[in-house]
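# Analysis of the macromolecular model
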Amino acid sequence: MSNCPKLFHNSGSLSVPTLKNLELRNSGILLSNIECSSLTSLSFKCVHVTAIPIQPLNGNLPSLQEFNINECESLTFFAESYPLNGAFSFLTVLVIRSCHKLPTLDGLLKKEYLPAIERIEIGACTGLLSLPGERFGSFTCLSDLRISHCPNINWQSGLVLPSYLKRLSLNNCGNFSAWFPNCLGSLTCLVELTMIECHGIESFPNQTWRSNLASLKKLHTADCPDLVSIGAVNPILKIKTVYIYSCQKLTKVKQPFIRSRE
């Protein structure tokens, strides 16, 4: 349903018990008025919505597995109810993009709401000021974390990552250098690491490659203005695919450094 703002007049409900996939683009229906017990995938865009209610939503969509929130220009918070009841029990993929007025995700990124989450992607939320980074470590099923183009994030609460994480991408998402490289300490299953426009990161200790990131198969590092050292070269040579470029202070590596092999 696309660009039909008067179709539901913000009050009607949508109830289709057999519906599996739903995409709403400025449709006029409130998320809390969707009752589709079999729905597994929901993509939502509405420039006027200011809040997304958590409790009614997870109660009306018990089978939801993938939730995409895109270009909600006026969204400022996720509304909680107390006491905390219910969860998105089957939600494995959460994507939030281009919600420029959203200041925090504290109300949504909780273990009790997302017990089965496997992939979290947050992108182009330029007004995002804080993330509960210490909570990522509690998501025991999380294997894929991507945060990009959210330059104003303050990581004062820390950055803790789950040990079973396989893919990590941090691209222009504020200065988390106070928690680096300790946040990589338990990532023995990581196969892909992307770090772009990461300010304050000065070096990768040798021990990081030899033990913590022993399973790494792909490394992409670019535009990190403070990076001086990536440690010993030999451990990096064991990584199958490597891209290193536009790191001006990394003088010991000839850039662009590109290698890809099967």
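Summary of the structure given here. (Residues numbered from 1 in each chain as written. Predicted model: local features only at pLDDT ≥ 70, side-chain atom pairs only at ≥ 80, totals over all residues. Heavy atoms only, no water.)

## Brief notes about the environment of Ile-122
Under the convention used in this document: Secondary structure elements are taken from DSSP: a helix is a run of H or I of four residues or more, a strand is a run of E of two residues or more, and numbering for both begins at the N terminus. Exposed residues in this analysis have more than 50% of their type's maximum accessible area, buried residues have under 20%, and partly exposed residues fall in between, with area computed by a 1.4 Å probe over protein chains only.
Topologically, Ile-122 is positioned in strand E9 (residues 119-123). Among the residues examined, Ile-122 registers a relative accessible area of 2% and is labelled buried. Between the C-alpha atoms of Ile-122 and Asn-182, which are 60 residues apart in sequence, the distance is 22 Å.

## Quick look at the environment of Leu-64
To keep it simple, the criterion reads: Throughout, a residue-residue contact means that at least one pair of heavy atoms, one from each residue, lies within 4.5 Å.
Along the chain, Leu-64 falls in the loop between helix H1 (54-60) and strand E6 (66-70). Sequence spacing of Leu-64 and Ser-37 is 27 residues, and the spatial spacing of their C-alpha atoms is 8.4 Å. Once you skip the residues sitting within four places of it in the chain, Leu-64 turns out to touch Leu-39, Thr-40, Ser-41, Leu-42, Phe-88, Phe-90 and Leu-91.

## Remarks on the pairing of strand E12 (residues 192-196)
Basically, it comes down to this: One bridge is not enough; two strands pair if DSSP finds at least two bridges between them. Think of it like this: strands point away, you trace from the first strand over the helix to the second, and a clockwise trace means the crossover is right-handed.
Taken across its 5 residues, E12 has 4 buried, putting it largely inside the fold. Of the strand pairs in this sheet, E12 and strand E13 (residues 218-222) are connected by 5 bridges, and their pairing is parallel. Of the residues in E13, the one forming a bridge with Glu-192 is Lys-218. Handedness of the β-α-β unit built from E12, helix H2 (residues 206-212) and E13 comes out right-handed.

## Quick word on the nonpolar core
Stated formally: The set of buried Ala, Val, Leu, Ile, Met, Phe, Trp, Tyr and Cys residues whose side-chain atoms join them within 4.5 Å is what this entry labels a nonpolar core.
Of all hydrophobic cores here, the largest spans 78 residues; its most connected members are Phe-67, Phe-78, Ile-96, Leu-131, Phe-136, Leu-168 and Phe-176. Once residues within four sequence positions are removed from consideration, Phe-176 is found in contact with Trp-155, Leu-159, Leu-170, Met-195, Cys-198 and Ile-201.

Spatial relationships are all this shows, so hold off on functional conclusions.
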